[in-house]
Every structure is written in C-alpha cells, then in structure tokens.
Amino acid sequence: MKKGNLLYEGKAKKVFETDDPNILIVDYTDNATALNGLKKGTIVGKGAINNRMTNHMMRLLEQKGVPTHYVEELSDRETAVKRVSIVPLEVIIRNIAAGSFSKRYGVEEGTPLKISTIEFSYKDDALGDPLINDYHALALGLCTEEELNTIKKYAFAVNDMMKEYLLNLGIILVDFKLEVGRLADGTIVLADEISPDTCRFWDKDTMQKLDKDRFRRDMGGAEDAYQEVMKRLMGE
Ligand code: UDP
C-alpha cells in the first residue's frame, strides 16, 4: 500500500490517501490540544501510544462484533483504515460524573452515575461542538433514525466491553468519546480513536488520572500516565 497525498490534517492526526481509493492512512502525532484548540502542546510519545492502543481496542471490538474502520497497523504511528464519511456527531458515554457533565449539572467529579449515559455533540469546531439531543441530530439531518439506533447500540456495547476489559487491568473507564463513519455502502462503523486522548481512565486503587486531563488541567505527568496505560494494556 502506497502512502499518497495528505487528505486532511486534524489537531492530533494526519490522514493520507493511498493507491486504494477505499483505504486511508492515519498518522498519529504527539500534538495535543484542549479547550477547542485554544490550548496547544505536546505529549511526547503519545502518537505511538494512541495508535497502538486504538488498534488494540478496535481489534478486540471487531472480535466481539462491533464493526470498525481498522485495517492494518503499518508502523508505530501509522495505520491503514477504511475510508468513511464521518457522521458529524461526538458520541459520549459516561459511567462516572466528570468534566463538562460535572460542571453542567453541578455533580461532583467522581460521583458514580445511576445508569451509564449517552450524549451527542454536533461535531462543528466553529460552533464549539454544541450538545444536542436525538431529535436535533435527526432535525439537522446528521444521520437517520436507524443509524442513530445503531450508533447507540454500538456505543453501549463498546462501553460494556471496554469497562470490563480495563477493570481487569486496574483501570476505571469514567467516560469516553466515539466517532462513527459510513462506508461507501452506508454501513456504520466505529472510526477515529480510542485512547487516553478520548477516554477518561482512573487508576482503580489510587483514583489517579491516567489520561489527557493531566494535560488539559496542567497537572503534569501526562507522558507517564499514557505510558502506564500502554504498559497495562500491552505489557510494555
Ligand atoms: N472528549 C473528546 N473530545 C472532545 C470532547 C470530549 O475526546 O472534543 C472526551 C473526553 O476525553 C472525555 C469525554 O469525551 O473522556 C467527555 O468529555 P467532557 O464532555 O467531560 O468534556 P471536557 O471536560 O473534556 O471538556
């Protein structure tokens, strides 16, 4: 597979075309942003960790019946994925109150939720990714009702599998964000990444944060936290 032109440069990843029109190559960088791109920095080693962790989780999810865009890991930082058109929704699942949920509803961070919740943001940087509900998503024509049902089913399935898998490694899955895309034939698949950039991970015993909040909140130790997650996941 030959790496072609740069198709798109995001905040933390670059996407390249290949000689196969249905396959793209994602290249993970160490760039980190927060506050809708206002805060910029680097987490050394993050690109390789996020690439490898995402692929590890996607392979696992595929095995358990959740379709993903994953094709093949090409290097430490590069992965071949199926070309999709991204559904412009950020799908967020929460098990424990944190971040914007805590702020919005005045719930102390760390409060377990009575049920796992799902929420959607309209993926639009200029608007600051506003929170929307199911009806808004349909009214705006972001997806169909059938697609929305599939997205919800996959998101909760991902939560169930990841929660259990990570707890065995001593990690509490607090919340996470997913993105989904459509293949050329319309099939909904999991896309983007699953990493400490997009999930909140807390150590089960110490409740220490092992994710991007260390960067967002200037806590220090982001590099060590990402490496710790990697070590528990892949034994290195
Ligand atoms: N998240 C993300 N990208 C975003 C916003 C949120 O990956 O643009 C993830 C974030 O890492 C966390 C979850 O979604 O695991 C919920 O984030 P929240 O809404 O609490 O936002 P934040 O507090 O990060 O602004």
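Relevant structure appears above.
Every value quoted in this text rests on a predicted model; they were computed, and no experiment measured them.

(A) Expanded view of the side chain of E90. Here E90 lies in strand β9 (residues 89-96). It is K177 that comes nearest to the buried, bridge-free E90 among opposite-charge side chains, at 4.3 Å. Residues in contact with E90, not counting those within four places in the same chain, are E119, F120, S121, K123, D129, K177, L178 and E179.

(B) Region of the structure containing the site of the ligand. Near the ligand, the surroundings consist of 14 residues, among which R94, S100, D175, R200 and R216 are the closest. For the ligand, an oxygen atom lies 2.7 Å from a polar atom in the side chain of R94. Within the contact set of the ligand, an oxygen atom lies 2.6 Å away from a side-chain nitrogen or oxygen of D175. Calculation on the ligand without its partners gives an accessible area of 510 Å², and the protein chains cover 76% of this total. For the shell around the ligand, the secondary-structure elements that each account for two or more residues are β9, α2 (99-105), β12 (171-182) and β14 (199-203).

(C) Expanded view of helix α6 (residues 222-234). Taking 1.5 Å as the rise per residue, α6 with 13 residues should run 18 Å; its terminal C-alpha atoms sit 18 Å apart, in good agreement. Buried residues of α6: A222, A225, Y226, V229, M230 and L233, and no others. Down the axis, α6 shows its buried residues gathered within 135° of arc, on one side only. Immediately downstream of α6, the backbone of G235 shows phi near 70°, a positive value.

(D) Layout of unusual backbone geometry. A positive phi is found at N36, a non-glycine position, where the angle reads about 55°. With respect to the helices and strands, N36 occurs in the loop between β4 (31-34) and β5 (39-42). When its relative accessible area of 44% is taken as the criterion, N36 is described as partly exposed. Despite not being glycine, M207 shows a phi value in the positive range, around 60°. As for its position among the elements, M207 is in the loop between β14 and α5 (213-216).

(E) Molecular detail of the environment of F156. Tracing the backbone through its elements, the reader meets F156 in helix α4 (residues 145-167). Residue classification places F156 among the partly exposed residues on the basis of a relative accessible area of 29%.

(F) View of the nonpolar core. Judged by nonpolar contacts, the single largest core of 36 residues is most densely connected at L89, M162 and F201. When residues no more than four places from it in sequence are discounted, the contact partners of F201 are M53, L166, I171, I172, L173, S195, P196, Q208, K209, L210, D211 and V229.

(G) Layout of helix α1 (residues 46-63). Between its first and last C-alpha atoms α1 spans 26 Å; for 18 residues at 1.5 Å apiece the expected length is 26 Å, and the two agree. Buried residues dominate α1, accounting for 15 of its 18 residues. Count one or two residues on from α1 and you reach G65, which has phi positive near 100°.

(H) Representation of the side chain of K209 within the structure. Of note, K209 is situated in the loop between β14 and α5. For K209, a relative accessible area of 12% corresponds to the buried category. A polar atom in the side chain of K209 sits 3.2 Å from the side chain of E109. Ignoring anything within four residues of it in the chain, the contact list for K209 reads E109, F201, W202, R214, R217, M219 and A225.

(I) View of the sheet that holds strand β2 (residues 13-18). Read from one edge of the open sheet, five strands run β1-β2-β3-β7-β6, paired in antiparallel fashion. Of all strands in the sheet, those bounded by a partner on one side alone are β1 (3-9) and β6 (70-73). The average undirected angle you get between the axes of adjacent strands in this sheet is 30°. Both β2 and strand β3 (residues 23-28) contribute to a ladder of five bridges, which runs antiparallel. Looking across to β3, one finds that F16 is bridged to I25. Sheet contacts for α1: β3, β6 and β7 (78-82); angle to β6, the most-contacted strand, approximately 130°.

Basis of the calculations
- Residues numbered from 1 in each chain as written.
- Predicted model: local features only at pLDDT ≥ 70, side-chain atom pairs only at ≥ 80, totals over all residues.
- Heavy atoms only, no water.
- Helix = DSSP H or I, 4+ residues; strand = E, 2+ residues; numbered from the N terminus.
- Buried < 20%, exposed > 50% of the residue type's maximum accessible area, 1.4 Å probe, protein only.
- Lys, Arg positive; Asp, Glu negative; His and termini not counted.
- Salt bridge = Lys/Arg side-chain N within 4 Å of Asp/Glu carboxyl O.
- Contact = heavy atoms within 4.5 Å.
- Near = heavy atom within 4 Å.
- Polar contact = N/O pair within 3.5 Å; in protein donor to acceptor, adjacent residues only side chain to side chain.
- Areas by Shrake-Rupley, 256 points an atom, 1.4 Å probe, with all protein chains shown as cover.
- Expected span 1.5 Å × (residues − 1).
- Arc of directions from axis to C-beta.
- Core = buried A, V, L, I, M, F, W, Y, C linked by side-chain atoms within 4.5 Å.
- Pairing = 2+ DSSP bridges.
- Axes fitted to C-alpha atoms, helices over the stretch in contact; angles between N-to-C directions.

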